[in-house]
Amino acid sequence: MGTKTVVIVGAGTGIGFHTAERFGKAGFHVMLTARNRGRLEQLSSDLQEKGIDASHMVMDAASEPAVKRVADTLKEQETEVEAVLFNAVGGTPEVPSQLSTSIVMQDLQVSIGGMLHVFQHLRPLFTDQAAFLVTGGAFSLEPYAPFASLSLNKAAQRNLTRSLHDEMKEHGLFVGTITIAGMVKEGTFFAPENIADAIYSFYENRPAFETIYKEQSA
């Protein structure tokens, strides 16, 4: 296909959409993936109205066969994947004393199983300058009891990202995480469009395996 592609995994109306828009404005083809077909169609349409080359495919990252189908389709289309934003995470709200092991494992299948599925099946499509980026959160550093599963999942994603970073740097592939140290909210420092700008800057500069997106003290 020739055009560099960014794949957004777990595309939604917030960080996923705005990151897609940011990469699209830089000349990337945007491939949106998520489980909800209707939402994907709307997001693709919204991006196209902004003049961005966007398409979408339904994909449940927790399902390896589903991820493989998408990867096979992209391979058939001769897609060159320059960047991936893994924006999917499991995190059922519950305090740890009431959290069932089945829920924890179900959430981890999205956060960790999905991350491995996507990385492993898309890797053959990566360009020489490809980057695999993961949306992180402050709960990976400071767990919050009412969201015990989300805290576990974000910590596990951060750990896996570091491991992949250390392994892949010898192969010229960048793997990193953007740890968002605050609540995503429109009209604030943590507005999704601001975070999208930080993600694109991280993609370009690749300073370390992790960058922490936080407000500076006055």
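Numbering of residues starts from 1 in each chain and follows the order in which that chain's sequence is written. In keeping with the model being predicted, local features are shown solely for residues with a pLDDT of at least 70 and side-chain atom pairs are shown and tallied solely at 80 or more, while totals for entire chains, interfaces and linings include all residues. Each side-chain value is derived from all of the structure's non-hydrogen atoms; neither hydrogens nor water enter the calculation.

1. Structural notes on the overall build of the protein chain
Stage number 1. Helix numbers and strand numbers start at the N terminus; a helix is a DSSP run of H or I with at least 4 residues, a strand a run of E with at least 2. From N to C terminus, the protein chain includes 6 helices and 7 strands.
Stage number 2. Reading the protein chain from its N end, one meets helices and strands in the order β-α-β-α-β-α-β-α-β-α-β-α-β.
Stage number 3. C-alpha atoms define the radius of gyration in this analysis, and the globule rule sets the expected value at 2.2 Å times the number of residues to the power 0.38. In terms of overall dimensions, the protein chain is globule-like: its C-alpha atoms have a radius of gyration of 16 Å, near the 17 Å expected for 218 residues.
Stage number 4. C-alpha extents for the protein chain along the principal axes are approximately 50 × 45 × 40 Å.
Stage number 5. Within the protein chain, the proportion of its 218 residues that are buried is 47%.
Stage number 6. In what follows, a contact means two residues having at least one pair of non-hydrogen atoms within 4.5 Å. Intrachain contacts of the protein chain at a sequence separation of at least 6 include 72% that bridge at least 24 residues.
Stage number 7. All accessibility values rest on the Shrake-Rupley procedure with a 1.4 Å probe; residue burial counts only the protein chains present in the view. Carbon and sulfur atoms make up 49% of the accessible area of the protein chain, which amounts to about 10,500 Å² in all.
Stage number 8. The centroid of the 18 positive side-chain charges in the protein chain is displaced by 2 Å from the centroid of its 25 negative side-chain charges. For every residue, the accessible area (1.4 Å probe, protein chains only) is compared with the maximum for its type, and the residue is labelled buried under 20%, exposed over 50%, or partly exposed between those bounds. Charged-residue counts in this description rest on Lys and Arg as positive and Asp and Glu as negative, His and the chain ends being excluded. All charge positions are set by atom: Lys at NZ, Arg at CZ, Asp at CG, Glu at CD.

2. Details of helix H5 (residues 148-168)
One turn of the α-helix equals 3.6 residues, which is why residues spaced by three or four share an orientation.
Stage number 1. For H5, built from 21 residues, the straight-helix expectation of 30 Å at 1.5 Å per residue is met to within 8% by its first-to-last C-alpha distance of 30 Å.
Stage number 2. Listed as buried for H5 are Ala148, Ser149, Leu150, Ser151, Asn153, Lys154, Gln157, Leu160, Thr161, Leu164, His165 and Met168. Here the expected length of a helix is defined as 1.5 Å per residue gap, with one fewer gap than residues.

3. Focus on the pattern of salt bridges
Stage number 1. We define a salt bridge as a contact between a side-chain nitrogen of Lys or Arg and a carboxyl oxygen of Asp or Glu at a distance within 4 Å. Applying the stated criterion across every chain, the model contains 6 salt bridges.
Stage number 2. Among the salt bridges present, the one from Lys25 reaches Glu21, with a minimum N-O distance of 3.4 Å. With Lys25 and Glu21 both in helix H1 (residues 15-25) and 4 residues apart, this pair spans about one turn of that helix.
Stage number 3. For Lys25, a relative accessible area of 62% gives the class exposed.
Stage number 4. Arg158 serves as the salt-bridge partner of Glu210, at 2.8 Å between the closest nitrogen and oxygen. With Glu210 in strand S7 (residues 210-213) and Arg158 in helix H5, this pair connects stretches of sequence that are 52 residues apart.
Stage number 5. Here the salt bridges share partners, and the residues they tie into one network are Glu21, Lys25 and Lys50.

Everything listed here is a matter of geometry and, on its own, says nothing about what the molecule does.
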